[in-house]
Amino acid sequence: MTQAATTTARDFGRVLAQRERRFAAALLAPAFLALMATTTFPLFFLIWTSAFRMDLAMPFTNGFVGFENYSVLLADERFWTSLVVSLVYTVSTVVLQVVIGLALALLVMDMKRGQGLFRLIAILPVVLSPAVVGMIWRTFMLAPEFGIVDFLAINAGLGSKNWLGDPLLAMISVIVIHTWQWTPFAFMVLLASLASLPEDIYEAARLDRATAWQRFRRITLPLLRPAIVMVIIMRTMVALTAFAAIFTVTGGGPGTATEILNLYAYRKSFTELSIGYGSALAVALLIVTILISAILFAMRRAK
Amino acid sequence: MSGRGQVQFRDIVKMHGDFAALKDVSFEIKPGEFFALLGPSGSGKSTTLRILAGLDAPTSGRVFIDGKDVTSTDARDRDIAMVFQSYALYPHMTVAENISFPLEMANMPKAEISAAVKDAARKVRIDHLLDRKPGQLSGGQQQRCALARAIVRKARLFLLDEPLSNLDAKLRLETRAELKKLQRSLDVTAVYVTHDQEEAMTLADRMAVFMAGEIQQVGTPAEVFARPNSIEIAGFIGNPPMNLVPARYSNGDVIIAGHRFKTIMQASGERDVVAGIRPGALRVAPSGLSARVELVEDLGDTAVLDLDCAGTLIRVRVSDENVPREGDTISITARAQDIHLFDPTTGKRL
Ligand SMILES: Nc1ncnc2c1ncn2[C@@H]1O[C@H](COP(=O)(O)OP(=O)(O)O)[C@@H](O)[C@H]1O
Ligand SMILES: [Mg+2]
């Protein structure tokens, strides 16, 4: 009698658990399908496409080519150049964002008043669309004679410069623009983790006779390390796949001076209409991004 | 090392907006002394310690260490070590790194540092934990680590802000005894903040009793216990606290709940007073103030009785032998020198 009762109770429990699982699956399904349709499927389609010759300008040559696109890619000087541009762009923007963001956060932490206002102003560039930021910089800031930057350069006696026409200046410009827009993000994250550091250990360090610099080197920096590494990881991934701001400011030019890998893939696919080769470039970017992220995550775990 | 670590506070005031955390505090600490700052929570003890350490600046007044005015000297340059109530260990460093930090900042050679760290760790018995991070230590071990970090550098002043308050009762008693031995062996001036009168009584050579931002009495624990300056101190020091009952003084006697007690006061005349008698100073006797036993708290070796003396509550500590039972009527007496008289309006001792 009791035996039977417990058995049914257990069965009942199992049925209930099963029903609950089915219900959960039903709830998840739409989101899961949408995710598959918008990320996983395009990804596989991209890889599939990269195995074809698909040239809209010369459709008669189209067909399956296997790894041919990749062997072409490895011998393509413009690919290697764009990869270098990507790395220079990524490293310099990320380093600048972390250094400036940290400096600002340290400054603002010491501000007695006006912190709220500063944060509000600081967040503005982040909420703008990168395309809009690109337009603002191209027209208001960098336009010869009329742009604010050029105006300042003229007044400083440097003379009018062709900010976006000179290869080096164009590269510097797109780096500055990206840094300008995204430093506030690093600033906000680092400020938040600075604010969470206990105050008493700084007092202890003062009594232990550490100078301000020693307190920064020995206490602040190690304690901020997780936040800094996180910012580096997040910003690196974004910088590697940056697009809109460069596209609107220089379009990758002059020539290929600011053509990061992402932009090269775009130009190949949609300007030169070589969709198969463009896909191979995009896959190469994906691999580079994954490799770098893996290295960064490994560094994060180390120690 | 004597002659080092003399402290003088002169007319120190600390304001937080309109609120006076310290109102005109002056005191002096002699070299080599174990000095306690005792007082209830919020009475300004930590504020005093932080001003002494140089972590906060006083609103007015001057601080002298070894005869030198250090009021505007930065904490870094005062040569003071401190154990924080929160311990304030560096969370990313191991115990060894925590302890060696003050030595590294003083540019001590590496070889000497590791010897000094081991020595300090051994003194507080954490030499087996040197490789752990503070997060992997128990509260008592963290406290010892903070202690080791403070003693490793031979600072001229050693400050402790309620170092035992986060420990459990048993550990607190053990550590208390060790602290005293440590201070003796180091021969260093120590300033010890506590709200626990028992800690101050057992540890301190002298103590300052704080009440609401003011020092009400400075003296040895025995002095303060024997002659509390005010009703507040009388009620704060001693466990259970002193009985404080409204009474009438009349020509050398004091009348409590209708019974006349002899006092050591000689003054003639009559006036209202507050009479204070320690629970341990009252005796059960054949004749005296008669009282009904309301409650018996048996503490093992002694018992505390709550007595109802014609409506006034009086507590008595009696030793084991013949403890009355609840409901009994007994009578109690006290010696003249054990009766303290206070002014009911000013609260000061008469
Ligand atoms: N930064 C501050 N702002 C306002 N009031 C404070 C501040 N620091 C301390 N106080 C007040 O000063 C009084 C004394 O504080 P403290 O010295 O910490 O007391 P304690 O004797 O418990 O150590 C308390 O009433 C506290 O609320
Ligand atoms: Mg305190």
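Please read these numbers as outputs of a predicted model, since none were measured by experiment.

Caption draft 1: How the structure looks around the overall build of chain B. Looking only at helices and strands, one finds eight helices and 19 strands in chain B. Considering only C-alpha atoms, chain B reaches an extent of 75 × 45 × 35 Å along its principal axes. The buried share among the 350 residues of chain B stands at 52%. Here chain B holds 44 positive side-chain charges and 45 negative ones, and the gap between their average locations is 4 Å.

Caption draft 2: Focus on the layout of surface pockets. Residues and elements named next belong to chain A. Within this model, the largest pocket holds a volume of roughly 620 Å³. Looking at the lining of the largest pocket, the elements that each hand over two or more residues are helix H3 (77-109), helix H7 (167-195), helix H8 (200-207) and helix H9 (212-240). By residue number, the principal contributor to the lining of the largest pocket is H9, which donates four residues. Taken together, the residues that form the lining of the largest pocket break down as 10 nonpolar, one polar and six charged.

Caption draft 3: Layout of a nonpolar patch on the surface. All names here are of chain A. There is a patch of nonpolar side chains on the surface, built from Leu43, Phe44, Ile47, Leu286 and Ile290 and spanning about 430 Å² of accessible area. Among the elements of the structure, helix H1 (2-49) and helix H12 (275-301) are those that each provide at least two residues to the nonpolar patch. Per element, the largest residue contribution to the nonpolar patch is three residues, and it comes from H1. Mapped onto the elements of the fold, Leu286 is located in helix H12.

Caption draft 4: Molecular detail of the interface of chain A and chain B. Across the contact, 17 residues belong to chain A and 24 residues belong to chain B. Buried area between chain A and chain B, summed over both chains or domains, comes out near 2,000 Å², and the portion from carbon and sulfur atoms is 56%. Among the residues of chain A in contact with chain B, Leu207, Arg209 and Arg218 of chain A are the three that bury the most area, contributing 37% of the side total. In this structure, the connection of chain A to chain B is made through four salt bridges. Two residues, Arg50 of chain B and Glu203 of chain A, come together in a salt bridge whose shortest N-O distance is 2.6 Å. Our count for the chain A to chain B interface comes out at nine residue pairs in polar contact (both at pLDDT 80 or more). Going through the elements one at a time, H8 and H9 of chain A are the ones with two or more residues in the side of chain A that touches chain B. Here the element with the most residues in the side of chain A that touches chain B is H8 of chain A; it accounts for seven residues. Counted by class, the side of chain A that touches chain B contains eight nonpolar, two polar and seven charged residues.

Caption draft 5: View of the site of ligand 1. Residue and element names in this part refer to chain B. All residues in the neighbourhood of ligand 1 are listed as His16, Phe19, Ala21, Pro40, Ser41, Gly42, Ser43, Gly44, Lys45, Ser46 and Thr47. A distance of 3.2 Å separates an oxygen atom of ligand 1 from a polar atom in the backbone of Ser43. Its free accessible area being 570 Å², ligand 1 has 58% of it covered by the protein chains. Counting only elements with at least two residues in the shell around ligand 1, the list comes to strand S2 (19-29) and helix H1 (45-53). Top element by residues in the shell around ligand 1 is H1. It accounts for three residues. Along the lines of polarity and charge, the residues of the shell around ligand 1 split into three nonpolar, seven polar and one charged.

Caption draft 6: Looking closely at the confidence of the model for chain B. When pLDDT is averaged across chain B, the result is 90; 99% of the residues are at 70 or more. Reported confidences for the modelled complex are a pTM of 0.80 and an ipTM of 0.84.

Caption draft 7: The arrangement of the pattern of salt bridges in detail. Applying the stated criterion across every chain, the model contains 32 salt bridges over all chains. In this structure, Asp55 of chain A engages Arg53 of chain A in a salt bridge whose closest nitrogen and oxygen atoms are separated by 3.7 Å. Asp55 of chain A gets classed as buried once you look at its relative accessible area, which sits at 9%. Residue class for Arg53 of chain A comes out partly exposed when judged on its relative accessible area of 32%. Residue Arg149 of chain B pairs with Asp208 of chain A through a salt bridge whose shortest N-O separation is 3.8 Å.

Caption draft 8: Focus on the domain arrangement of chain B. Residues and elements named next belong to chain B. Structurally, chain B comprises domain 1 (7-229) and domain 2 (236-342). If you average the C-alpha positions of domain 1 and of domain 2, the two centres end up 38 Å apart. With 14 residues of domain 1 in contact, the opposing surface of domain 2 contributes eight residues. Carbon and sulfur atoms supply 74% of the area that domain 1 and domain 2 bury against each other, a total of about 820 Å² over both sides. Considering only the surface of domain 1 that becomes buried against domain 2, Gln197, Phe225 and Pro228 emerge as the three largest contributors, covering 56% of it. Scanning the region where domain 1 abuts domain 2 turns up zero salt bridges. Scanning the region where domain 1 abuts domain 2 turns up two residue pairs in polar contact (both at pLDDT 80 or more). For the side of domain 1 that touches domain 2, a count of residues per class yields 10 nonpolar, four polar and no charged.

Caption draft 9: Spotlight on H9 of chain A. Over its 29 residues, H9 of chain A extends only 36 Å from the first C-alpha to the last, a length that falls short of the 42 Å expected when each residue adds 1.5 Å. Of all the bends in H9 of chain A, the greatest, near 55°, is centred on Arg225 of chain A, and the proline Pro226 of chain A appears no more than four residues after it.

Criteria and cut-off values
The residue numbering used here restarts from 1 in each chain and proceeds along that chain's sequence as written. For naming, the first written chain is A and the first written ligand is 1, with later ones following in the order written. Confidence filtering applies because this is a predicted model: local features only for residues at pLDDT of at least 70, side-chain atom pairs given and counted only at 80 or more, and all residues used for totals across whole chains, interfaces and linings. Hydrogen atoms and water are omitted, and side-chain values are computed over all heavy atoms in the structure. Strands here are runs of E lasting at least two residues and helices are runs of H or I lasting at least four, both read from the DSSP assignment and numbered beginning at the N terminus. Each residue gets one of three labels from its accessible area relative to the maximum for its type: buried under 20%, exposed over 50%, partly exposed in between, using a 1.4 Å probe on protein chains only. A residue counts as positive if it is Lys or Arg and as negative if it is Asp or Glu; His and the chain ends are not included. Every charge is mapped to an atom, namely NZ of Lys, CZ of Arg, CG of Asp or CD of Glu. A cavity here means a set of 1 Å grid points, computed over protein atoms only, where a 1.4 Å probe fits but cannot escape. A pocket is an open set with protein on both sides within 12 Å along at least 5 of 7 lines, and lining residues have an atom within 4 Å of a point. Grid points are joined across faces, edges and corners, and a volume is the space filled by probe spheres set on the points. When residues are grouped by polarity, Ala, Val, Leu, Ile, Met, Phe, Trp, Tyr, Cys and Pro land in nonpolar, Asp, Glu, Lys and Arg in charged, and all others, Gly among them, in polar. Patches here are clusters of residues that have more than 30% relative accessible area and form no salt bridge, with a 9 Å joining cutoff for like charges and a 5 Å cutoff for nonpolar side chains (Val, Leu, Ile, Met, Phe, Trp, Tyr). Working definition of accessibility: Shrake-Rupley area with a 1.4 Å probe, residue cover restricted to the visible protein chains. Salt bridge, as used here: a side-chain nitrogen of Lys or Arg that lies within 4 Å of a carboxyl oxygen of Asp or Glu. Throughout, a contact is declared for two residues whenever any of their heavy atoms are within 4.5 Å. Using a 1.4 Å probe, buried area is obtained as the accessible area two parts lose upon being combined, added over both of them. Here a polar contact is recorded for every N or O atom pair within 3.5 Å, except that within protein the pair must consist of a potential hydrogen donor and a potential acceptor, and residues adjacent in sequence are included only if both atoms are side-chain atoms. Nearness here has a simple test: a residue counts as near a molecule or strand if at least one of its heavy atoms is within 4 Å of that partner. Along the chain, pLDDT gives the predictor's confidence residue by residue, from 0 to 100. The domain limits used here are those given by an automatic or database domain assignment. A helix is expected to span 1.5 Å multiplied by its residue count minus one. Across the chain, bend at a residue is computed as the angle between axes fitted to the seven residues ending at that point and the seven starting from it.

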